[in-house]
Amino acid sequence: MRVLRAELGIGLDGARAVLEQILAGQYAGTMPEMELLARKLRASGIEAAASRAVD
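Note that the coordinates shown come from a computational prediction; the quantities given were computed from them, not determined experimentally.

Caption draft 1: Layout of the overall build of the protein chain. Counting secondary structure elements, the protein chain contains three helices and zero strands. Secondary structure of the protein chain in N-to-C order comes out as α-α-α. Once the C-alpha set of the protein chain is aligned to its principal axes, its extents read approximately 30 × 20 × 15 Å. Buried positions account for 16% of the 55 residues belonging to the protein chain. For the protein chain, the proportion of contacts with a sequence separation of at least 24, taken over those separated by at least 6, is 18%.

And the structure:
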């Protein structure tokens, strides 16, 4: 939550909503954006990976 709040500039409620989207596989952005977020999460000890959506 701390990483999401800091990186996305959102409050606690917004971070909770984003976390739900991430866990459901529904959070999307450009590949560089998602890789940067995944790197920040990994740096804080959270297992994360960016992947392309399958059409």
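Caption draft 2: The arrangement of a nonpolar patch on the surface in detail. A cluster of nonpolar side chains, contributed by Met1, Leu12, Leu19, Ile22 and Leu23, occupies part of the molecular surface with about 410 Å² of accessible area. Within the secondary structure layout, leucine 23 lies in helix H2 (residues 12-23).

Caption draft 3: Highlighting the pattern of salt bridges. For the structure on display, the rule yields four salt bridges. A salt bridge links arginine 16 to aspartate 13; the shortest N-O distance between them is 3.5 Å. With arginine 16 and aspartate 13 both in helix H2 and three residues apart, this pair spans about one turn of that helix. Exposure remark for arginine 16: the relative accessible area of 42% places this residue in the partly exposed category. Among the residues examined, aspartate 13 registers a relative accessible area of 62% and is labelled exposed. For arginine 42, the salt bridge is made with glutamate 35, and the minimal N-O distance between the two is 2.8 Å. On the accessibility criterion, arginine 42 (36% relative accessible area) is partly exposed.

Caption draft 4: Highlighting the environment of methionine 31. Mapping methionine 31 onto the fold places it in helix H3 (residues 31-43). Using a relative accessible area of 28% as the deciding quantity, one classes methionine 31 as partly exposed. Considering only alpha carbons, one finds methionine 31 and alanine 53, 22 residues apart in sequence, at a separation of 9.8 Å. In this view, methionine 31 contacts Ala50, Ser51 and Arg52; residues no more than four positions away in its chain are not counted.

Reading guide: rules and limits
- Residues numbered from 1 in each chain as written.
- Predicted model: local features only at pLDDT ≥ 70, side-chain atom pairs only at ≥ 80, totals over all residues.
- Heavy atoms only, no water.
- Helix = DSSP H or I, 4+ residues; strand = E, 2+ residues; numbered from the N terminus.
- Buried < 20%, exposed > 50% of the residue type's maximum accessible area, 1.4 Å probe, protein only.
- Contact = heavy atoms within 4.5 Å.
- Patch = residues over 30% accessible without salt bridge, like charges linked within 9 Å, V, L, I, M, F, W, Y side chains within 5 Å.
- Areas by Shrake-Rupley, 256 points an atom, 1.4 Å probe, with all protein chains shown as cover.
- Salt bridge = Lys/Arg side-chain N within 4 Å of Asp/Glu carboxyl O.

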